[in-house]
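The primary structure of each chain is shown beneath.
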Amino acid sequence: MHCAVVLAGGNIGDVEARFVEAERLLAERGVAIVARSRNYKTEAWGFESERLFTNVAWRVETELEAEGLLDVLQEVEALLGRNREAEQLKKKSEGVRYCSRTLDLDILFYDEEHISTERLKVPHPLIMERDFVIEPTCELLRCDRAQLGEKIEKIYAESIA
């Protein structure tokens, strides 16, 4: 059994109801949410938006390998209204890197592994730059910002040892 930390976020529509539905869909696909942070409301990061984002961190257990988990997360995003192609067009037309979305599911940690493939970087490379990631993740893992940074550094160090 593998353990991962997933961050869910969005700012379009009823995001909290979407989280509940995502939890159900993940369970149907062999991804059990065994712990969750509270929901956090934050400003958009990397672009301007009038709508606040809602974020939650989940600890999940699954038999899926990391990229299989990523496939399931992206399937659930799509089932709950995320259209990556439309987002890409919007970002290109507005000249921005990020935009509002219905649901975004990111793998922050997968076991204690360092993963670097074309599709997946774990630990997520921007964790320590984003308070909307740090706060729910620290709550979930019962650690502070410094301890979270140490966890990430340890995973990287062990991957090159």
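Reading the values: the criteria
Residues numbered from 1 in each chain as written. Predicted model: local features only at pLDDT ≥ 70, side-chain atom pairs only at ≥ 80, totals over all residues. Heavy atoms only, no water. Phe/Tyr/Trp six-rings, centres within 6.5 Å; stacked < 30°, edge-to-face > 60°. Helix = DSSP H or I, 4+ residues; strand = E, 2+ residues; numbered from the N terminus. Lys NZ or Arg CZ within 6 Å of the ring centre and 35° of its normal. Buried < 20%, exposed > 50% of the residue type's maximum accessible area, 1.4 Å probe, protein only. Lys, Arg positive; Asp, Glu negative; His and termini not counted. Salt bridge = Lys/Arg side-chain N within 4 Å of Asp/Glu carboxyl O. Polar contact = N/O pair within 3.5 Å; in protein donor to acceptor, adjacent residues only side chain to side chain.

Visitor: Describe the packing of aromatic side chains, and please don't skip the residues or the numbers.
Guide: Under the criterion given, the structure shown has 1 aromatic pair. For the pair phenylalanine 19 and tryptophan 58, a centre-to-centre distance of 6.2 Å together with 80° between the ring planes defines the contact as edge-to-face. Here the residue phenylalanine 19 occupies a position in helix H1 (residues 15-28), and tryptophan 58 occupies one in strand S4 (residues 53-62), the gap between them amounting to 39 residues. Arginine 38 extends its terminal NZ or CZ atom over the ring of tyrosine 40, reaching a point 4.0 Å from the ring centre. If you follow lysine 151 out to its NZ or CZ, it ends over the ring of phenylalanine 109, 5.0 Å from the centre.

Visitor: Just give me the short version of the side chain of arginine 18, but keep the residues and values in it.
Guide: Within the secondary structure, arginine 18 sits in helix H1. Despite its burial, arginine 18 pairs with no opposite charge; the closest candidate is aspartate 14, at 6.9 Å N-O. Only 2.7 Å separates the side chain of arginine 18 from the backbone oxygen of isoleucine 12, close enough to count as a polar contact. Within the structure, arginine 18 has its side chain in polar contact with the backbone oxygen of leucine 80 (distance 3.3 Å).

Visitor: If you had to explain unusual backbone geometry to someone new, which residues and values would you point to?
Guide: Leaving glycine aside, a negative phi is the common case for residues, and trans is the common case for peptide bonds. The linkage connecting valine 122 with the following residue, proline 123, adopts the cis geometry, with an omega of -5°. Take proline 123: it is sitting in the loop between strand S7 (121-122) and helix H4 (131-141). Positioned with a positive phi, aspartate 111 is a non-glycine residue whose angle comes to about 50°. Owing to a relative accessible area of 23%, aspartate 111 belongs among the partly exposed residues under this scheme. With a phi close to 55°, arginine 142 is a non-glycine residue in the positive phi region. Along the polypeptide, arginine 142 turns up in the loop between H4 and helix H5 (145-160).

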